[in-house]
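What follows is the residue order along each chain.
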There are 2 protein chains.
Amino acid sequence: MNEVEQTIIDAAIKLFSEKGYAATSIRDISKEVNMKSASLYHYIESKKDLLDLIMKRYLTELVEGAKQTLNDLPVDEPETELKNLIKFHVESHGKEKLAALVVDTEYRSLEGESREEIRQLRKNYEKLWQEVLERGKRKGVFDFKDAKITSFALIGLCTGVAHWYRDEGALSLHEIAEQYATLGLKMVRPH
Amino acid sequence: MNEVEQTIIDAAIKLFSEKGYAATSIRDISKEVNMKSASLYHYIESKKDLLDLIMKRYLTELVEGAKQTLNDLPVDEPETELKNLIKFHVESHGKEKLAALVVDTEYRSLEGESREEIRQLRKNYEKLWQEVLERGKRKGVFDFKDAKITSFALIGLCTGVAHWYRDEGALSLHEIAEQYATLGLKMVRPH
DNA sequence: GTCTATACGTCGATAGAC
DNA sequence: GTCTATCGACGTATAGAC
């Protein structure tokens, strides 16, 4: 992956997140990187390929990062695990806000194998959360009815951050992540 | 609004929610309603108009429904208010899932006045939630740091339902709404 | 009200000069 | 590696017959 390729990918992420994949033309992207559209094809195979690459790369980073987060933690502390899972997700969605928006909104633009691949990555990610929730429930530190619904609820909650977070906002990303961790933990704690 | 117009709107909602506004052509919509694309223009002014109408109508329904929900409740019970706000939002997003998806994902496809109008409607809706939250905090039945962030978190949580809910699923929409109300209330209750 | 025909712009992608 | 030129398909929208 050389420098020019990365510039093209960044331009695509910016435009896809602003206008959507379908509404962004290859000519739009080429203008953004000060090239003619024909030149882009020296670096990419197709517009579809560009989306596939972005979705796959960012979602893989999210899944691997979450796995690593859990691995770095002491065993058998589901509350700590959930707290850090939330913080990692929120911070990741704030730092890579534009890519996160693309991943969250362009699943429907994928076709065939790519779509299936992304679907699997998502499922793996949800499973990570569900396992933490189930461990906490067995241990008695969490209380909820359905692990799947609760995982959707928690992930949806954290994903929402990418839709409103701004670097210039009053609260730092770290503070927001802390608040979300508090909110999320309260959601599943017995009372 | 006659029958044919409603059929066209329903077809547009279906296709916009599946493929997105930009990826849906007037010809796609006309095929869905067994017409030629030129005939559609007897009922609509433009493709853009169709989106404006869908976004405005559904979001207005949501805001008005939420206001009505609050009006029907006893005064000075913020917990009851939040519970019913959550249930109304979740049930509305389940019942009109496709329209909800369009509203949630196609804001970026709006331009000019329409965009501003929808932005205002959204703001009004968020304000409803924030007022309930503030009242609860003053009364001491809610505990959270920032009303704006908490309202975003709660609304984002409930909106997520439209992304995974299915009529054929194991849980009824009513049950899901109840679970979400429980989760949401736990999020903001002092412990 | 619904159609056929079509205007005219933009799309993704390619050929081939430099 | 970047360009100009261009292809054929498809986009929204309109004109005008019936």
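Scope of this entry: the structure provided in the associated data block. (Residues numbered from 1 in each chain as written. Chains lettered and ligands numbered in written order. Predicted model: local features only at pLDDT ≥ 70, side-chain atom pairs only at ≥ 80, totals over all residues. Heavy atoms only, no water.)

Turning our attention to the protein's contact with DNA strand D. Surveying the vicinity of DNA strand D reveals 15 residues, the closest of which are Lys-36, Ser-39 and Tyr-43 of chain A together with Ile-26 and Arg-27 of chain B. For DNA strand D, the backbone portion of the atoms within 4 Å of the protein, that is sugar and phosphate, comes to 56%. In this structure, a phosphate oxygen belonging to DNA strand D sits 2.6 Å away from a side-chain N or O atom of Tyr-43 of chain A. Here a phosphate oxygen of DNA strand D sits 3.0 Å away from a polar atom, N or O, in the side chain of Tyr-41 of chain B. At the level of elements, helix H3 (37–40) of chain A together with helix H2 (26–32) of chain B are the ones that each hand at least two residues to the surface near DNA strand D. Here the residues of the surface near DNA strand D are counted per class, giving six nonpolar, five polar and four charged. (Near = heavy atom within 4 Å. Polar contact = N/O pair within 3.5 Å; in protein donor to acceptor, adjacent residues only side chain to side chain. Helix = DSSP H or I, 4+ residues; strand = E, 2+ residues; numbered from the N terminus. Nonpolar A, V, L, I, M, F, W, Y, C, P; charged D, E, K, R; others polar.)

Around DNA strand C sit 14 residues in total, of which Ile-26 and Tyr-41 of chain A together with Lys-36, Ser-39 and Tyr-43 of chain B are the nearest. Taken together, the sugar and phosphate atoms account for 57% of what DNA strand C places within 4 Å of the protein. Within the contact set of DNA strand C, a phosphate oxygen lies 2.8 Å away from a backbone nitrogen or oxygen of Ile-26 of chain A. At 3.0 Å, a backbone N or O of Lys-47 of chain A approaches a phosphate oxygen of DNA strand C. Contributing elements (two or more residues each) for the surface near DNA strand C: helix H2 (26–32) of chain A together with helix H3 (37–40) of chain B. Here the surface near DNA strand C is built from residues that sort into six nonpolar, five polar and three charged.

What the rule picks out here adds up to eight aromatic pairs over all chains. Note on Tyr-125 of chain B and Trp-129 of chain B: the rings are 6.1 Å apart at their centroids and 65° apart in plane angle, and the pair reads as edge-to-face. Taken together, the positions of Tyr-125 of chain B and Trp-129 of chain B, both in helix H7 (residues 112–139) and four residues apart, correspond to about one turn of that helix. You can call Tyr-125 of chain B buried: its relative accessible area is 4%. Through a chain of ring-to-ring contacts, three or more aromatic side chains come together here, namely Phe-152 of chain A together with Trp-164 and Tyr-180 of chain B. Above the plane of the ring of Tyr-21 of chain A lies Lys-47 of chain A, whose end atom (NZ or CZ) is 4.4 Å from the centre. Arg-115 of chain A extends its terminal NZ or CZ atom over the ring of Tyr-107 of chain A, reaching a point 4.9 Å from the ring centre. (Phe/Tyr/Trp six-rings, centres within 6.5 Å; stacked < 30°, edge-to-face > 60°. Buried < 20%, exposed > 50% of the residue type's maximum accessible area, 1.4 Å probe, protein only. Lys NZ or Arg CZ within 6 Å of the ring centre and 35° of its normal.)

Here the focus is the packing of helix H1 (residues 3–19) of chain B against helix H4 (residues 47–71) of chain B. Residue and element names in this part refer to chain B. One can describe the packing of H1 onto H4 by two numbers: an axis separation of 10 Å at closest approach and a directional angle of 90°. The orientation of H1 relative to H4 falls into the category roughly perpendicular. Within the contact between the two elements, H1 uses Gln-6, Ile-8, Ile-9, Ala-12, Ile-13 and Phe-16 and H4 uses Leu-50, Leu-51, Leu-53, Ile-54 and Arg-57. Tallied by class, residues from the contact of H1 with H4 come to nine nonpolar, one polar and one charged. (Axes fitted to C-alpha atoms, helices over the stretch in contact; angles between N-to-C directions. Parallel < 35°, antiparallel > 145°, perpendicular 65-115°, else oblique. Contact = heavy atoms within 4.5 Å.)

On to the nonpolar core, then. Of all hydrophobic cores here, the largest spans 125 residues; its most connected members are Leu-82, Trp-129 and Tyr-180 of chain A together with Leu-82 and Trp-129 of chain B. Excluding anything up to four places from it in sequence, Tyr-180 of chain A contacts Ile-86, Val-90, Leu-157, Cys-158, Val-161 and Trp-164 of chain A together with Ile-149, Phe-152 and Ala-153 of chain B. (Core = buried A, V, L, I, M, F, W, Y, C linked by side-chain atoms within 4.5 Å.)

A few words on the relation of the copies chain A and chain B. Overlaying chain A on chain B yields an RMSD of 0.0 Å, the required transformation being a rotation through 180° with an accompanying axial translation of 0.0 Å. Overall, the copies show the geometry of a two-fold rotation axis. A high fraction, 97%, of the interface residues of chain A reappear at the interface in chain B, so the copies pair face to face through one surface. (Least-squares fit on C-alpha atoms with pLDDT ≥ 70 in both.)

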